[in-house]
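Chain residues, written in single-letter form:
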Amino acid sequence: MGGGARGRRRSNLPADLTSFVGRRPELREVKRLLTTTRLLTLTGSGGVGKTRLALRAAAQMSRGFPDGAWLVELASIHDPLLVTQAVFSALGVHDLSAGLSLSSLAEYLAGKRLLLVLDNCEHLLDACAVLAVTLAKACPELRLLATSRQPLRVAGEVRMVVPPMSLPAEEDEVSAQRLLSSDAVWLLSERAAALVPGFTVDAQNAAAVLDLCRRLDGIPLALELAAVRLDSLSIDQLNRGLAGKLSILGRGDRGAETRQRTLEATISWSYGLLGEQERLLWARLSVFAGGFEEDAAIGVCSGTGVPAGRIVDLLGALVEKSILTRELRHGRVPRYWLLETLRQYGRQRLRELGEQTTTQQRHLAWICALAGSADAWDDRQAEWFTRMSDERANLWAALNFCAREPAELATGARSAWRMMTFWACRGPFGDVRRVLSSLAETAPPRSLARAQLLWVAAVMAHRENDYGACAALCEESLHIGTELKDVEVVAWSLLVGAIPRWAEGDLTGATQRLDSALTLAELMQVKHVELDARSTLCGILTAAGELDRAIELGEQALAMSKSLGELWVRGFALNYLGQATWLAGDRPRGEALAREAAACKHALDDRNGLGIVLETLAWMAAELGQHERAACLLGAAERVRHETSQTLIELFRTQHEQSESIAVRGLGRKSFEAAFARGRAMTISDGAGFAVAGKQPPKPPPVAETEPHHGLTRRELDIARLVADDLTNKQIAARLFLSRRTVETHITNILNKLGLDSRTQLSRWMGEVTGPAAATERQRADDH
Ligand SMILES: Nc1ncnc2c1ncn2[C@@H]1O[C@H](COP(=O)(O)OP(=O)(O)OP(=O)(O)O)[C@@H](O)[C@H]1O
Ligand SMILES: [Mg+2]
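Residues numbered from 1 in each chain as written. Chains lettered and ligands numbered in written order. Predicted model: local features only at pLDDT ≥ 70, side-chain atom pairs only at ≥ 80, totals over all residues. Heavy atoms only, no water.

1. Some points on helix α32 (residues 653-667)
Next, step 1: Taking 1.5 Å per residue as the helical rise, α32 with its 15 residues ought to reach 21 Å, and the 21 Å between its terminal C-alpha atoms agrees with that figure.
Next, step 2: When α32 is considered as a whole, its buried residues turn out to be Gln655, His656, Ser659, Ile662, Ala663 and Val664.
Next, step 3: Immediately downstream of α32, the backbone of Gly668 shows phi near 85 degrees, a positive value. (Helix = DSSP H or I, 4+ residues; strand = E, 2+ residues; numbered from the N terminus. Expected span 1.5 Å × (residues − 1). Buried < 20%, exposed > 50% of the residue type's maximum accessible area, 1.4 Å probe, protein only.)

In structure tokens, the structure reads:
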């Protein structure tokens, strides 16, 4: 349902979609360098294999990083200010923070032993440089592995140039056996064999295979594009076809520029071999950022020259030809990707075709329609939010287009308006507010677009505890809405404008605004405002002690939400209604409602809302004298805020402090801290489960100096993982900041404890205890 990164994952590295080939010396080198350097940049020309190498190295090393290995894909991001957010979301943190600062990221990562792969930095060099320097300074245990066509050029950066795949030396006699020891030939034959069963490099084709690999400079992307043609062409035909475009590799070093030309020529050759419809589709697909699904391709790319009914087949054909990558996802429709180099090529073709603007307009219209579905407030809300999470890069790209094209601003503003609930749940508040405020500056002063953008920015400001800005933004959107007589804008502005008053303690002013919003919404049948106004009024009236009316409104909101099917307001309505019911004397029902609120927020993966509900439940537990549960819930709420980089919402500070002081009084400071820490150690999922079940806290775990079933201490286990990753004692010592002698002693102890004789046995044992997946992964790596 809620999707997203639930629970605690240790990595987001993608599974291999095609087999990984060779690169043994390069992998060794990456691993060696990363033991002593904090920032390693893999540089090299497009398509040379930087990303594959980085991902493979990261996967092999991940076990040495207790806090995991994480991939941040930057190719689809074009706004340097979104880089920090991209890291947060790669880590599974919905960054909802105020200001979204790099310093909050540094704080989050400080003390973590983690590997971060920053992939495709070349178009964001400055932003990545600042990120790398800041993180390196603040997070001593963090390792950064960047891939980029150009280096970041910062102090402490170590660069490694990724060479093309190895080719047989010129003087080698051309025997099939020898050829296959070169990575380039191996890759070509792997890909060919996948397509043409039984394909092998043998005495007959050896010379032609060698020619082809040399002609393609050993560039993996070029080799893949050529190999897929072997289903219809022979190697000789391939060589002849490419001969006009590419001179054969001569002696001596061929620099990056030559390689770039080779790759471009190979791509354009491969483009030329496609059918008309495939070509057109490739060009049009280049407007997507961060991948796309079939329905999107149909919506955006069908039309003149490419009938909608052909798109699915054409996507399949482009996958077969290695232009697109298809990611199969359990229980969900597949998602397609264009490698960055191929996307850029498609972009050029689209420009030449003169279709760039129209395709971007269609992309924007598609995003706007999608945002409309996500804003339907029906029983598919959680599902739509998951989809919108996948489409974030597309959304930013569409808004970016609007910033350049004044004529599109109205559609962009409409999309943003419809995205409010999604952003209010998932953030990133600071970035959304910044992007929308700057878009609003380009809108005419009295336009609907400006009012819509300002209003969404106001909602974000509220989430950031910036009530002054929230009030001012709402004031302006209200003003414009009134002038334009736009009922929705007026009603929503009144509603959100009440929140800053509530925060200031002006409950009467807040209630008046909400009453006006509600009256208007009822009159004009603006259902969503009506629902939200009833729920928010329930909260404010509870704070004002007007419990009867609060309960009445809360019940109405709940009934209305159920008839719509939505979950977002329902979670808040349940929370406020729970508080009101509780205060009115029915504590069991009050608590049951708040628990249902937690379930609701969790189902929607609304972490902002979940944090609020956990605070309510902590307060109830404290009042009931369940001090340990209260402390645990406060810890769990703190964890949610930490994982989403939020601070406590000011509105709820008094309640928070009350709960804490009751629980501390009941337990004593030391036991309170211990219970709080247990709550804080829960994953978000576990915290939500604990809150919903209404149970007493789990028993504290035994002091875990040793891990179960093998008797190794944590330190020994860390070392065993690194041994399994093929690190030498020296490298392990450097990684863990220990002396070599200490590492040796640890290894002797480990072997004694486990009754093993050698490092090899230890590696195998690690493979077994860390699970079959890891063991297969190792096996595959060993096979290569
Ligand atoms: N060692 C390898 N084994 C198998 N396939 C590889 C290998 N290296 C690269 N490839 C394939 O070659 C293509 C290009 O590789 P990759 O995307 O890693 O290049 P890159 O240098 O990161 O390119 P860009 O500069 O465009 O980001 C991909 O399809 C990739 O799967
Ligand atoms: Mg790359």
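2. Topic: the packing of aromatic side chains
Next, step 1: Enumeration over the complete set of coordinates arrives at 17 aromatic pairs.
Next, step 2: Seen from their ring centres, Trp568 and Phe572 are 6.0 Å apart, and the 85 degrees between their planes marks the pair as edge-to-face. Pair noted here: Trp568 and Phe572 are both in helix α28 (residues 568-583), with a separation of four residues, about one helical turn.
Next, step 3: Under the relative-accessibility criterion, Trp568 is labelled buried at 4%.
Next, step 4: Ring geometry for Trp582 versus Trp619: centroids 5.9 Å apart, planes at 50 degrees, classification tilted. Here Trp582, found in helix α28, pairs with Trp619, found in helix α30 (residues 607-623); they are 37 residues apart in sequence, far enough to count as distant.
Next, step 5: Given a relative accessible area of 4%, Trp582 falls into the buried group.
Next, step 6: The buried category is assigned to Trp619, whose relative accessible area is 8%.
Next, step 7: Taken together, Trp377, Trp417, Trp455, Trp492, Trp568 and Phe572 form an aromatic cluster joined through their ring pairs. (Phe/Tyr/Trp six-rings, centres within 6.5 Å; stacked < 30°, edge-to-face > 60°.)

3. Focus on the packing of helix α29 (residues 587-603) against α30
Next, step 1: Two elements in contact, α29 and α30, have axes separated by 9 Å at closest approach and are oriented at 155 degrees. With respect to α30, the axis of α29 lies roughly antiparallel. For the crossing formed where α29 meets α30, the hand is left-handed. Residue-level contacts link Arg587, Gly590, Glu591, Ala594, Arg595, Ala597, Ala598 and Lys601 of α29 to Gly609, Leu610, Val613, Thr616, Leu617, Met620 and Glu623 of α30.
Next, step 2: Partitioned by chemical class, the residues of the contact of α29 with α30 number seven nonpolar, three polar and five charged. (Axes fitted to C-alpha atoms, helices over the stretch in contact; angles between N-to-C directions. Parallel < 35°, antiparallel > 145°, perpendicular 65-115°, else oblique. Left-handed = near helix turned anticlockwise from the far one by under 90°. Contact = heavy atoms within 4.5 Å. Nonpolar A, V, L, I, M, F, W, Y, C, P; charged D, E, K, R; others polar.)

4. Section: the site of ligand 1
Next, step 1: In the region of ligand 1, 22 residues are neighbours, and Lys50, Thr51, Arg149, Glu224 and Thr341 sit closest.
Next, step 2: Interatomic distance of 3.0 Å between a backbone N/O atom of Gly49 and an oxygen atom of ligand 1.
Next, step 3: Here Arg191 contributes a side-chain N or O atom positioned 3.1 Å from a nitrogen atom of ligand 1.
Next, step 4: Taken by itself ligand 1 offers 620 Å² of open surface, and the protein chains cover 93% of this.
Next, step 5: Where the shell around ligand 1 is concerned, the elements lending two or more residues are α2 (50-61), α7 (183-195) and α9 (220-227).
Next, step 6: Among the residues forming the shell around ligand 1, the class breakdown is eight nonpolar, eight polar and six charged. (Near = heavy atom within 4 Å. Polar contact = N/O pair within 3.5 Å; in protein donor to acceptor, adjacent residues only side chain to side chain. Areas by Shrake-Rupley, 256 points an atom, 1.4 Å probe, with all protein chains shown as cover.)

5. Observations concerning the coordination of the magnesium ion (ligand 2)
Next, step 1: Of the protein atoms, only Thr51 (OG1) and Asn120 (OD1) coordinate the magnesium ion (ligand 2), at distances of 2.0 to 2.6 Å. You can see Thr51 sitting in helix α2 and its partner Asn120 sitting in the loop between β3 (114-119) and α5 (125-138), a full 69 residues away along the chain.
Next, step 2: Thr51 sits in the partly exposed class, given a relative accessible area of 26%.
Next, step 3: For Asn120, a relative accessible area of 10% gives the class buried. (Donors = N, O, S within 2.8 Å, 3.2 Å for Na, K, Ca; no water.)

6. Some thoughts on the pattern of salt bridges
Next, step 1: By the definition in use, this model includes 36 salt bridges.
Next, step 2: Among the ionic pairs, Asp515 bridges to Arg549, the shortest N-O distance being 3.1 Å. Taken together, the positions of Asp515 in helix α25 (residues 507-524) and Arg549 in helix α27 (residues 547-564) put the pair 34 residues apart, joining distant regions of the chain.
Next, step 3: For Glu522, the salt bridge identified is with Arg534, shortest N-O distance 2.7 Å. Of this pair, Glu522 sits in helix α25 while Arg534 is found in helix α26 (residues 527-544), placing the two residues twelve residues apart along the sequence. (Salt bridge = Lys/Arg side-chain N within 4 Å of Asp/Glu carboxyl O.)

7. As for the nonpolar core
Next, step 1: In terms of nonpolar packing, the biggest core is built from 221 residues, with Leu74, Leu91, Leu109, Leu116, Trp282, Leu285 and Trp423 touching the most fellow members.
Next, step 2: If one sorts the elements of this core by residue count, helix α22 (residues 448-463) sits on top with eleven residues.
Next, step 3: Residues in contact with Trp423, not counting those within four places in the same chain, are Leu395, Leu399, Ala416, Phe429, Val432, Leu436, Val456 and Met460.
Next, step 4: One finds Leu27, Val30, Ala58 and Phe65 within the second-largest nonpolar core, a separate group that totals 23 residues. (Core = buried A, V, L, I, M, F, W, Y, C linked by side-chain atoms within 4.5 Å.)

8. Some details on unusual backbone geometry
Comment: phi is negative for the bulk of residues other than glycine, and the bulk of peptide bonds are trans.
Next, step 1: The omega angle of the peptide bond from Gly427 to Pro428 is -5 degrees, so this bond is cis rather than trans.
Next, step 2: Residues other than glycine seldom take positive phi values, yet Asn465 does so here, at roughly 65 degrees.
Next, step 3: Looking at the element boundaries, Asn465 is found in the loop between α22 and α23 (467-484).
Next, step 4: The backbone of Gln525 shows a phi angle near 55 degrees, a positive value even though the residue is not glycine.
Next, step 5: Within the element layout of this structure, Gln525 appears in the loop between α25 and α26.
Next, step 6: The exposure class assigned to Gln525 is exposed, which follows from its relative accessible area of 61%.

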